[in-house]
Amino acid sequence: MPDEPEEPDDNGGTSQVAYEDITWLSTLKAADRMGITTRTLYRFIDRGDLPAYRFGRVIRLRLSDVDEFIEQCRVEPGSLEHLYPEARPDDPDEDDE
């Protein structure tokens, strides 16, 4: 029987993961779960942002890796100010104080 895969634990070491506990996703299902196109998914994989595994001609992703990647992409409040212009004094969308 092959060795169980190792994953980093909270203490900087590694812990064993049972093969039975791995849920594999196709690239299509992973992209659907993330709400992106498969082309974008392949870009994340190719850049090394998202781990993927090739079994012959088939590429699979672990559900846990996809969910972890989703959490890492979470937008922090206040980090998008550069995407919208400064409010003008006559801007009707601004609340009156």
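Please read these numbers as outputs of a predicted model, since none were measured by experiment. (Residues numbered from 1 in each chain as written. Predicted model: local features only at pLDDT ≥ 70, side-chain atom pairs only at ≥ 80, totals over all residues. Heavy atoms only, no water.)

As defined by bridge partners, strand 3 (residues 24–26) adjoins strand 5 (residues 58–62) across three bridges and the pair is classed as antiparallel. Counted as the bridge partner of W24 is R62 from strand 5. (Pairing = 2+ DSSP bridges. Helix = DSSP H or I, 4+ residues; strand = E, 2+ residues; numbered from the N terminus.)

This part takes up the pattern of salt bridges. Under the defined criterion, the tally for this structure stands at three salt bridges. The partner of D67 in a salt bridge is R33, and the shortest N-O contact between them spans 2.8 Å. In this pair, D67 sits in helix 3 (residues 63–72) while R33 sits in helix 1 (residues 27–34), placing the two residues 34 residues apart along the sequence. When the shortest N-O distance is used, the salt bridge between D65 and R62 registers 3.1 Å. (Salt bridge = Lys/Arg side-chain N within 4 Å of Asp/Glu carboxyl O.)

As summarised here, the arrangement of the three strands in space is 3-5-4, forming an open sheet in which the pairing is antiparallel. Looking at which strands have only one partner, the edges of the open sheet turn out to be strand 3 and strand 4 (53–55). The sheet shows a mean angle of 45° between the axes of neighbouring strands, taken without regard to direction. On the sheet, helix 1 packs against strand 3 and strand 5 and is oriented at approximately 90° with respect to strand 3. (Axes fitted to C-alpha atoms, helices over the stretch in contact; angles between N-to-C directions. Contact = heavy atoms within 4.5 Å.)

Now for the environment of F44. Within the secondary structure layout, F44 lies in helix 2 (residues 38–47). The exposure class assigned to F44 is buried, which follows from its relative accessible area of 18%. Once you skip the residues sitting within four places of it in the chain, F44 turns out to touch M34, I36, D49, L50 and F69. (Buried < 20%, exposed > 50% of the residue type's maximum accessible area, 1.4 Å probe, protein only.)

Take a nonpolar patch on the surface next. A grouping of V75, L80, L83 and Y84 is seen on the molecular surface, where their side chains present a nonpolar patch of about 410 Å² in accessible area. Residue placement: V75 occurs in the segment after helix 3. (Patch = residues over 30% accessible without salt bridge, like charges linked within 9 Å, V, L, I, M, F, W, Y side chains within 5 Å. Areas by Shrake-Rupley, 256 points an atom, 1.4 Å probe, with all protein chains shown as cover.)

Glancing now at the side chain of T27. Its location among the elements puts T27 in helix 1. Note on T27: relative accessible area 12%, which makes it buried. In terms of polar contacts, T27 uses its side chain to reach the side chain of Y42, at 3.3 Å. When neighbours within four sequence positions are excluded, T27 is seen to be in contact with T38, L41, Y42, I59, R60 and L61. (Polar contact = N/O pair within 3.5 Å; in protein donor to acceptor, adjacent residues only side chain to side chain.)

Nonpolar side chains in soluble globular proteins tend to be buried together. Counting eleven residues, the largest nonpolar core consists of L25, A30, A31, M34, L41, F44, I45, L50, L61, V66 and F69. When contributions to this core are tallied by element, the ones reaching two or more residues are helix 1, helix 2 and helix 3. Contact partners of L50, with chain neighbours within four places excluded, come to M34, L41, F44, I45, L61, D65, V66 and F69. (Core = buried A, V, L, I, M, F, W, Y, C linked by side-chain atoms within 4.5 Å.)

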